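# A closer look at the structure
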Amino acid sequence: MAVFFLLFLLTVSVVSADEDGFIGVNIGTALSDMPSPTQVVALLKAQNIRHVRLYDADRALLLALANTGIRVTVSVPNDQLLGIGQSNASAANWVARNVLAHVPATNITAIAVGSEILTTLPNAAPVLVSALKFIHSALVASNLDGQIKVSTPHSSSIILDSFPPSQAFFNRSWDPIMVPLLKFLQSTGSYFMLNAYPYYDYMQSNGVIPLDYALFRPLPPNKEAVDANTLLHYTNVFDAIVDATYFAMSYLNFTNVPIFVTESGWPSKGDSSEPDATLENANTYNSNLIRHVLNNTGTPKHPRIAVSTYIYELYNEDLRPGAISEKNWGLFDANGIPVYTLHLTGAGTVLANDTTNQTFCVAKEGADPKMLQAALDWACGPGKVDCSYLLQGQPCYEPNNVVAHSTYAFNAYFQMMAKSPGTCDFKGVATITTTDQSHGSCIFPGSAGRNDTLPNTTSLAPSSNSTTSGCHSVYIYGAGSFTTSVIIGVLLMSVFCL
């Protein structure tokens, strides 16, 4: 009987590999100091991230993503699902406003309709499939259905009896929703969106699941989990969750719907009740996950069939409610500085740019030009920054505006002060970034292309709490250009005001 069951399972496994797996990131916005859209895109480019998922369809970010080639999944927020699911016109308007207005410049490739609706917003479940169909119809009307797929992310908790994977099935109470949903995904060539969190499976197992098994760490053969029905060996929780989903779909006679994991990750910090939410474990999990996906390892049920995955998430979200761990799933902080350095040797270039020590100080987007001017005066005067690079005819003169010049001066000071805390503030008009600001022959201090010998000094840049410097700089940025007399004036002032 077991042999017959095994043969049956193997014959119905017809999911095919259309392309290599990819790693993407989720971009949340619950940050007290959310980076600007241009800063977000700069970080994505620096880390060679080519796939992103947004939890809405933020216009400014979609505009910033234009002409980058980055593949974007936009989302219908849960609070808009009921309206869209009950009105074809509402769905068409949503698509016109949030998709048609941006393509083809912005490479939108998928729409996630809601998130974990069956488990978090069950009253909207009856209109979920209608919402997907209405959104898809709007895409068909614009000849975009071949380019943009429509689906909805599910929590793995909708799967019952998930181990062994071959016995997994969806909560039967959701069959009236799940069957037409899978029919829709199958008929449109879309994929099942799954949020898979081995961290939570591990935490809720009361010690049954070993930590190493959750983190993709190598296990001796006698420690691997074996599905007695299929004799498939499972070396990590992630694969077991994905295969349980494949088997659950097979139970409903759907065998050719691929899976995309729309969320997976590990928190880097937690309170006393979450002792395994640590930097080391987060680094281990995400590094191993990235390597596992990009190597096209597949799962025991579907070896070499890639499971493309979006890491949760790009930034730590300090405004998220709940436990400490809820605020600490990000790979980067709001300044674009890595929370930890991933171990990705031999795993391609995605997220492999170690920017831990490559930080620069720049003028904050939207800062008051008068405040920038005052801070520029201070940096090139009492701050002792060598601003001769900003003279007309010198490498960093262009672009000739206060934002560009103050960015150079701020960064020169920041690097001169060895990036000490508080030295990239300038009364709130400066911020830290991991994007090298060098351009053309203008090589910024701190760039890999420049090796400055910086003076040893204990001067501090004006912070948001400091008073005005006792020495008033005469370094004026005018409508024309910097002049030699101005620079000389700066140097003289810096001498007499020490």
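Remember, it's a predicted structure, so these values are computed and weren't measured experimentally.

### A word on the state of the cysteines
- Counting across every chain of the model gives three disulfides.
- With a sulfur-sulfur separation of 1.8 Å, Cys380 is cross-linked through a disulfide to Cys387. Its torsion about the S-S bond being -80°, the disulfide of Cys380 and Cys387 is classed as left-handed. Across the pair, Cys387 and Cys380 agree in class, each one buried.
- Across the disulfide from Cys396 sits Cys442; the S-S distance is 1.9 Å. Negative torsions about the S-S bond denote left-handed disulfides, and the value of about 100° found for Cys396 with Cys442 makes this one right-handed. Here Cys442 lies in the loop between strand 15 (430-433) and helix 15 (484-496) and Cys396 lies in the loop between helix 13 (369-380) and helix 14 (402-416), a separation of 46 residues in the sequence. In this pair, the class of Cys396 matches that of Cys442, namely buried.

### Considering the packing of helix 5 (residues 88-100) against helix 7 (residues 128-141)
- Two elements in contact, helix 5 and helix 7, have axes whose closest approach is 8 Å; the angle formed by their N-to-C orientations is 55°. Taken together, helix 5 and helix 7 sit at an angle that is classed as oblique. For the pair helix 5 and helix 7, the crossing hand works out as right-handed. Contact with helix 5, carried on its side by Asn88, Ala91, Ala92, Trp94, Val95 and Val99, involves Phe134, Ile135, Ala138 and Leu139 of helix 7 and no other residues of that element.
- For the contact of helix 5 with helix 7, the residue count by class is nine nonpolar, one polar and no charged.

### Points about the sheet that holds strand 5 (residues 149-151)
- Overall, parallel pairing links the nine strands, which are arranged 5-4-3-2-1-13-12-9-6 in an open sheet. Looking at strand neighbours, the two that pair on one side only are strand 5 and strand 6 (153-155), the edges of this open sheet. Strand-to-strand, the axes of this sheet are offset by a mean angle of 25°, without reference to chain direction.
- Here strand 6 runs beside strand 9 (residues 192-195); their pairing, made up of three bridges, is parallel. Looking across to strand 9, one finds that Pro153 is bridged to Met193.
- Most of the contacts of helix 12 (residues 279-294) go to strand 13 (residues 309-311), to which it runs at about 160°, and overall it touches strand 1 (23-27), strand 12 (259-264) and strand 13.

### So, the packing of aromatic side chains
- Taken as a whole and assessed by the stated rule, the structure comprises 24 aromatic pairs.
- The interplanar angle of 75° and the centroid separation of 5.3 Å between the aromatic rings of Tyr197 and Trp329 together place this pair among those described as edge-to-face. Note that Tyr197 is positioned in the loop between strand 9 and helix 9 (198-203) and Trp329 in the loop between strand 13 and strand 14 (360-363), a separation of 132 residues in sequence.
- A residue is classified by how much of its surface remains accessible, and Tyr197, at 10% relative accessible area, is buried.
- Among the residues examined, Trp329 registers a relative accessible area of 2% and is labelled buried.
- Plain terms: the ring middles of Phe410 and Phe426 are 4.3 Å apart, the flat faces sit at 15° to each other, and that makes the pair stacked. Linking Phe410 in helix 14 with Phe426 in the loop between helix 14 and strand 15, this pair joins segments that are 16 residues apart in sequence.

### Things to note about the environment of Asp386
- Here Asp386 shows up in the loop between helix 13 and helix 14.
- By relative accessible area, which is 46% here, Asp386 ends up partly exposed.
- As for Asp386 and Ala412, which are separated by 26 residues in sequence, their C-alpha atoms are 7.9 Å apart.
- Among the polar contacts made by the side chain of Asp386, one reaches the side chain of Ser388 at a distance of 2.7 Å.

### A short note on the environment of Ser190
- Topologically, Ser190 is positioned in the loop between helix 8 (175-188) and strand 9.
- Separated by 41 residues in the primary sequence, Ser190 and Lys149 place their C-alpha atoms 5.5 Å from one another.
- Among all residues touching Ser190, those that are not within four sequence positions of it are Lys149, Val150, Ser151, Leu185, Val257 and Pro258.
- One polar contact links the side chain of Ser190 to the main-chain carbonyl oxygen of Val150, over a distance of 2.9 Å.

### Focus: helix 12
- Taking 1.5 Å of rise per residue, 16 residues should cover 22 Å, and helix 12 covers 22 Å from first to last C-alpha, within 8% of that figure.
- Most of helix 12 sits out of view: twelve of its 16 residues are buried.
- Every buried residue of helix 12 is listed here: Asn281, Ala282, Asn283, Thr284, Tyr285, Asn286, Ser287, Asn288, Leu289, Ile290, His292 and Val293.
- Along its buried surface, helix 12 packs onto strand 1, helix 9, helix 10 (211-214), helix 11 (237-251), strand 12 and strand 13.

### Thoughts on the confidence of the model for the protein
- When pLDDT is averaged along the protein, the result is 84; 83% of the residues meet or exceed 70.
- Segment residues 1-14 is flagged for pLDDT under 50; beyond a separation of four residues in sequence, or across chains, it makes 15 contacts in the model.
- Segment residues 451-498 is flagged for pLDDT under 50; beyond a separation of four residues in sequence, or across chains, it makes 85 contacts in the model.

Scoring rules and cut-offs
- Residues numbered from 1 in each chain as written.
- Predicted model: local features only at pLDDT ≥ 70, side-chain atom pairs only at ≥ 80, totals over all residues.
- Heavy atoms only, no water.
- Disulfide = S-S within 2.5 Å.
- Buried < 20%, exposed > 50% of the residue type's maximum accessible area, 1.4 Å probe, protein only.
- Helix = DSSP H or I, 4+ residues; strand = E, 2+ residues; numbered from the N terminus.
- Axes fitted to C-alpha atoms, helices over the stretch in contact; angles between N-to-C directions.
- Parallel < 35°, antiparallel > 145°, perpendicular 65-115°, else oblique.
- Left-handed = near helix turned anticlockwise from the far one by under 90°.
- Contact = heavy atoms within 4.5 Å.
- Nonpolar A, V, L, I, M, F, W, Y, C, P; charged D, E, K, R; others polar.
- Pairing = 2+ DSSP bridges.
- Phe/Tyr/Trp six-rings, centres within 6.5 Å; stacked < 30°, edge-to-face > 60°.
- Polar contact = N/O pair within 3.5 Å; in protein donor to acceptor, adjacent residues only side chain to side chain.
- Expected span 1.5 Å × (residues − 1).
- pLDDT = per-residue confidence, 0-100.

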